[in-house]
Amino acid sequence: MGLTATTVGGYLRDLPADRRVAMARVCSMIRRSARGVRDSMRYGLAFYELHGPLFALESTDKDMTLFVAEPEVMEQHKSSLQNYIPERCAIRFTDLNRIPLDSLEKIVRDSVAARRERLKVGSAPTQKELLALWKITEEEAKAPPPIVVIPMGRDETETEEPAPEVQVPEEPKEPVEILRAPTFKDPAMTASSRPKKQTAETEETKAEKPKRKTAARKKTAAKTAEGSETVKKTTAKKTTASKKTAKTSGSAGTAAKKSSSVKKKTTARNASEK
């Protein structure tokens, strides 16, 4: 039995796989059929209570046992049950693969109804009375005491090693020079931490930049104007030279025509004189 478990879920987890599945089916059926029951672990058994213990489940190495707290209900259904133990008001299941869940569900429902009727006219049996009915002694089902680990003391002959001394640095007698922050030449320094003088120079430089740009633009415009005038003058000179050349060629042609006409006249005179 899982005597060390404190909850039904823990009790089921400690069981082997085959018994865990079979017992989980019975536990689920009880919770589904008996509304209002409360499960707990006592004496190594899974208890289901309704104003006192009503059912108890026990798992052993070879079988599983269901204890019922209402003997009259068990007498009504004993004909449909196998391995019924009347002196303990219990049912033993040796074949975990063939559990009659339908018959057990009827027993559970009738037991809940019988318990409610019992409460109307009297009181439910106590836990001590049910343990006597199920023939479970408190000493046999009692959970073992928890294992307490007591730390052993050191051997008397053992000598304790002294703790290492921690050297604390002495305070300096002379004042220590505090290092200054890096100057503005440091590239990591931000602009906000630079001296005011440098900031003033920067502002003056920013004010001079537009003036410099304007002067540069004027110089560029003057150079462009000078270049255009030079091009105009060069073009005018070339035009004048071409005109002079044309006049010279024209006068040369006229002189050639005159000389050819003079030669013709001279030739004609000579011919007439002959």
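Counting 46 residues, the largest nonpolar core has Met 23, Ile 30 and Leu 57 as its most contacted members. For this core, the element with the most residues is helix 2 (residues 17–33), which contributes six residues.

The subject of this paragraph is unusual backbone geometry. For Tyr 43, which is not a glycine, the phi torsion comes out positive at approximately 55°. Turning to its location among the elements, Tyr 43 is positioned in the loop between strand 1 (38–42) and strand 2 (45–49). Judged by relative accessible area, which is 22%, Tyr 43 ranks as partly exposed.

Reading across from one edge, 1-2-3-4-6-5 is the order of the six strands in this open sheet, with antiparallel pairing throughout. Of all strands in the sheet, those bounded by a partner on one side alone are strand 1 and strand 5 (84–85). Bridge count between strand 3 (residues 53–59) and strand 4 (residues 64–68): five bridges; the pairing is antiparallel. Bridging across to strand 4, Leu 57 finds its partner in Leu 66. Taken strand by strand, helix 2 contacts strand 1, strand 2, strand 3 and strand 4, and its axis lies near 170° from that of strand 3. Contacting strand 3, strand 4 and strand 6 (90–93), helix 4 (residues 101–121) crosses the sheet at an angle of about 150° to strand 3.

The next point concerns the pairing of strand 3. Buried residues dominate strand 3, accounting for seven of its seven residues. Both strand 2 and strand 3 contribute to a ladder of four bridges, which runs antiparallel. Considered in strand 3, the bridge of Ala 46 is made with Leu 57. As consecutive antiparallel partners, strand 2 and strand 3 are separated by three residues, and within that stretch His 51 has a phi angle of approximately 60°, a positive value. Between the end of strand 3 and the start of strand 4, which pair antiparallel, lie four residues.

Here Arg 19 lies in helix 2. In this structure, Arg 19 is buried with no salt-bridge partner, the nearest side chain bearing the opposite charge being Asp 61 at 4.1 Å. Here the side chain of Arg 19 touches Ser 59 through a polar contact of 3.4 Å, side chain to side chain. In contact with Arg 19, other than residues within four places in its own chain, are Ser 59, Thr 60, Asp 61 and Leu 96.

What follows deals with the packing of helix 2 against helix 4. Running from amino to carboxyl end, helix 2 crosses helix 4 at an angle of 40°, the nearest separation of the two axes being 10 Å. In terms of orientation, helix 2 lies oblique with respect to helix 4. Crossing geometry of helix 2 relative to helix 4 is assigned as right-handed. Here Arg 25, Val 26, Met 29, Ile 30, Arg 32 and Ser 33 of helix 2 come into contact with helix 4, specifically with Leu 101, Leu 104, Glu 105, Val 108 and Arg 109. Broken down by class, the residue content of the contact of helix 2 with helix 4 amounts to six nonpolar, one polar and four charged.

Across all of its chains, the model carries nine salt bridges by this definition. Linking Arg 38 and Glu 49 is a salt bridge whose minimum nitrogen-to-oxygen distance equals 3.7 Å. Of the two residues, Arg 38 is situated in strand 1 and Glu 49 in strand 2; the sequence distance between them amounts to 11 residues. For Glu 49, a relative accessible area of 8% puts it in the buried group. One salt bridge connects Arg 115 with Glu 70, and the closest N-O pair in it is separated by 3.3 Å. Within this pair, whereas Arg 115 is found in helix 4, its partner Glu 70 is found in the loop between strand 4 and helix 3 (71–77), the two being separated by 45 residues in sequence. Residues joined in a network through salt bridges with shared partners are Arg 38, Arg 42 and Glu 49.

The rules behind these values
Residues numbered from 1 in each chain as written. Predicted model: local features only at pLDDT ≥ 70, side-chain atom pairs only at ≥ 80, totals over all residues. Heavy atoms only, no water. Core = buried A, V, L, I, M, F, W, Y, C linked by side-chain atoms within 4.5 Å. Buried < 20%, exposed > 50% of the residue type's maximum accessible area, 1.4 Å probe, protein only. Helix = DSSP H or I, 4+ residues; strand = E, 2+ residues; numbered from the N terminus. Pairing = 2+ DSSP bridges. Contact = heavy atoms within 4.5 Å. Axes fitted to C-alpha atoms, helices over the stretch in contact; angles between N-to-C directions. Lys, Arg positive; Asp, Glu negative; His and termini not counted. Salt bridge = Lys/Arg side-chain N within 4 Å of Asp/Glu carboxyl O. Polar contact = N/O pair within 3.5 Å; in protein donor to acceptor, adjacent residues only side chain to side chain. Parallel < 35°, antiparallel > 145°, perpendicular 65-115°, else oblique. Left-handed = near helix turned anticlockwise from the far one by under 90°. Nonpolar A, V, L, I, M, F, W, Y, C, P; charged D, E, K, R; others polar.

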